[in-house]
Amino acid sequence: MTFRARELTVRYPGSDRPALDCVDLVVPEASFYAVLGPNGSGKSTLMRALLGAVKPETGTVRIADRPLADWDRRALARHVGGVPQMESMPFPVSVRDLVAMGRYPHLGALGAERPDDRTAVTHALEHCEVSHLAERDVQTLSGGELQRVRIARALAQQPRALALDEPTASLDIRHEMAILQLLRGAADEGMTVLLITHHLDLAARFADRILLLDRGRVVAEGPPEEVYDAATLEAVYRWPVDVRVDPTTRSPRVIPLAGPVNRSVAPRDGHPPEPRP
Ligand SMILES: Nc1ncnc2c1ncn2[C@@H]1O[C@H](COP(=O)(O)OP(=O)(O)OP(=O)(O)O)[C@@H](O)[C@H]1O
C-alpha cells in the first residue's frame, strides 16, 4: 500500500506557524521508509495526517491511490496500523487482551474470535517476545515491555501498511534490533513500513528511503547515502557531525562531534558547585 501526500499543510489551533508546511511524499509499497528530523519538526504530525488523525489545512493524502476521505474507517483499520508515540493505559487489561484488540477490525458481526485471530495474536506475542507476559496487567509493565506489547497489537492486526512513531525509543539493544529486523522482514514480504525515529544510524541501516524534516518542511528525501550529508544534517540538527560509511554495516554512520553549547553546568558567576556531603 502506498502513502501519498501532496502539499500537506497542518496547523494546530492557536499556532502561528504550521506544524507541517506543504509536504510532498510518496512512501512506496513494500518499502521501509524512515522519517527523521529534530524535536518538533513535524514527524508525529505527518504520521497523524497520513492516518487521518488530524485534518490538514490544505493538501491531500491518498492511501493505495484512494483519497483518505473515501476510505471506510473499518476497512482502513484492517489495512493500516499505527503505533503512536504515547498512549495512556487508563484501564487494567491483560497483555493478551490488549494485543487481541488489534484483531477488532477483522472480527465478524458477532465479534467472536476465530482460530485465525487467536493464531495472529499468538504469533504477534511471540514475535515481540512478550508471550511470557500474556497474563500480566499492562499497567504493571516496564516502559520497554509495554512498548513491545503495543507493537505486538499492531502486528496482530496484520496490516498491509504500518506506521510507527519512535517504537524502539525505550528498548534495549537486543529488542530494538529484533523489532527493526522484524519490520525489515515485513517490508521485504510486502508490508509498507513507515518509521519515525531519532536513531540516524539504525534508520540508515534498515530503511530504503529517508525523509528529513525541519520546521515542518522537507529538507531532503531519498536513499540514506544521499540524505546523509554532513552539512545538511548539521544545518537541520544545529550540531556538528561527521558522516562515515560504517565498515561493518556498509551504511552511513553519523558521528556527533563536540558541540558549541552546554559544556558545563557550573554556575555562571564562576563559583564551583557546593561540594557534596
Ligand atoms: N496538539 C497540538 N497542539 C498544538 N501544537 C502542537 C500539537 N501537537 C504538536 N504541536 C506542535 O507542532 C510541532 C510539530 O510537533 P510534532 O509532534 O509533529 O513533532 P515531532 O517531529 O514528532 O517531535 P518529537 O521528535 O519531539 O517527537 C511542534 O512545534 C509541536 O509543539
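Here, the structure is the one placed above.
Residues numbered from 1 in each chain as written. Predicted model: local features only at pLDDT ≥ 70, side-chain atom pairs only at ≥ 80, totals over all residues.

Caption draft 1: Focus on the overall build of the chain. The secondary structure content of the chain amounts to nine helices and 12 strands. Scaling as 2.2 N^0.38, a compact globule of 277 residues should have a C-alpha radius of gyration of about 19 Å, and the chain matches this with 21 Å. Looking at the chain as a whole, 36% of its 277 residues qualify as buried. Sequence separation of 24 or more characterises 64% of the internal contacts of the chain that already satisfy a separation of 6 or more. (Helix = DSSP H or I, 4+ residues; strand = E, 2+ residues; numbered from the N terminus. Rg over C-alpha atoms; globule rule 2.2 N^0.38 Å. Buried ≥ 20, exposed ≤ 12 C-beta atoms within 10 Å, placed from the backbone. Contact = placed C-beta atoms within 7 Å.)

Caption draft 2: Quick look at the nonpolar core. Val 99 and Ala 152 are the most contacted members of the largest nonpolar core, which totals 69 residues. For this core, the leading source of residues is helix H5 (residues 143–156), giving seven residues. With near-sequence residues (within four places) excluded, Ala 152 lies in contact with Val 99, Ala 124, Leu 125, His 127, Cys 128 and Val 130. (Core = buried A, V, L, I, M, F, W, Y, C linked by C-beta atoms within 7 Å.)

Caption draft 3: Representation of the pairing of strand E4 (residues 58–63) within the structure. As defined by bridge partners, strand E1 (residues 3–10) adjoins E4 across five bridges and the pair is classed as antiparallel. If you follow Ala 5 over to E4, its bridge partner there is Val 61. Taken together, the two bridges between E4 and strand E5 (residues 66–67) define a ladder with antiparallel strand orientation. Its bridge partner being in E5, Ile 63 is matched across the sheet by Arg 66. (Pairing = 2+ DSSP bridges.)

Caption draft 4: Region of interest: the sheet that holds strand E6 (residues 80–83). Strand order in this open sheet of six strands is E6-E7-E8-E3-E9-E10, and the pairing throughout is mixed. Here the strands that pair on one side only, and so sit at the sheet edges, are E6 and strand E10 (217–222). Sheet twist, expressed as the mean angle between neighbouring strand axes with direction ignored, is 15°. As judged from the four bridges shared by E6 and strand E7 (residues 161–165), these two strands associate in the parallel manner. Its bridge partner lying in E7, Gly 81 is registered against Leu 162. Against the sheet, H5 contacts E6 and E7, and its axis sits at roughly 175° relative to E6. (Axes fitted to C-alpha atoms, helices over the stretch in contact; angles between N-to-C directions.)

Caption draft 5: Representation of the environment of Gly 14 within the structure. Relative to the helices and strands, Gly 14 resides in the loop between E1 and strand E2 (20–27). Classification of Gly 14 as exposed rests on a count of 5 C-beta atoms within 10 Å. Sequence separation between Gly 14 and Ala 112 is 98 residues; the distance between their C-alpha atoms is 44 Å.

Caption draft 6: Fine view of the pairing of strand E9 (residues 209–214). The element E9 is largely enclosed, with a buried count of five among its six residues. Of the strand pairs in this sheet, strand E3 (residues 32–36) and E9 are connected by four bridges, and their pairing is parallel. From the neighbouring strand, Val 35 faces E9, where its bridge partner is Leu 211. Of the strand pairs in this sheet, E9 and E10 are connected by five bridges, and their pairing is antiparallel.

Caption draft 7: Quick look at the sheet that holds E5. The four strands lie next to each other as E2-E1-E4-E5, forming an open sheet whose pairing is antiparallel. A single partner strand is all that each edge strand has here, and the edge strands are E2 and E5. The strands that helix H1 (residues 43–50) touches are E1, E2 and E4; relative to E1, the one it contacts most, it runs at about 120°.

Caption draft 8: Molecular detail of helix H6 (residues 173–188). Over its 16 residues, H6 runs 22 Å from end to end, which matches the ideal 22 Å to within 8%, given 1.5 Å per residue. Regarding H6, the residues found buried are Ile 179, Leu 180, Leu 183 and Ala 187. Within H6, the buried residues cover an arc of 95° as seen down the axis, which keeps them to one side. Those residues of H6 that are exposed and aimed more than 90 degrees away from the buried face are Arg 174, Gln 181 and Asp 188. (Expected span 1.5 Å × (residues − 1). Arc of directions from axis to C-beta.)

Worth remembering: the numbers are spatial, not functional.
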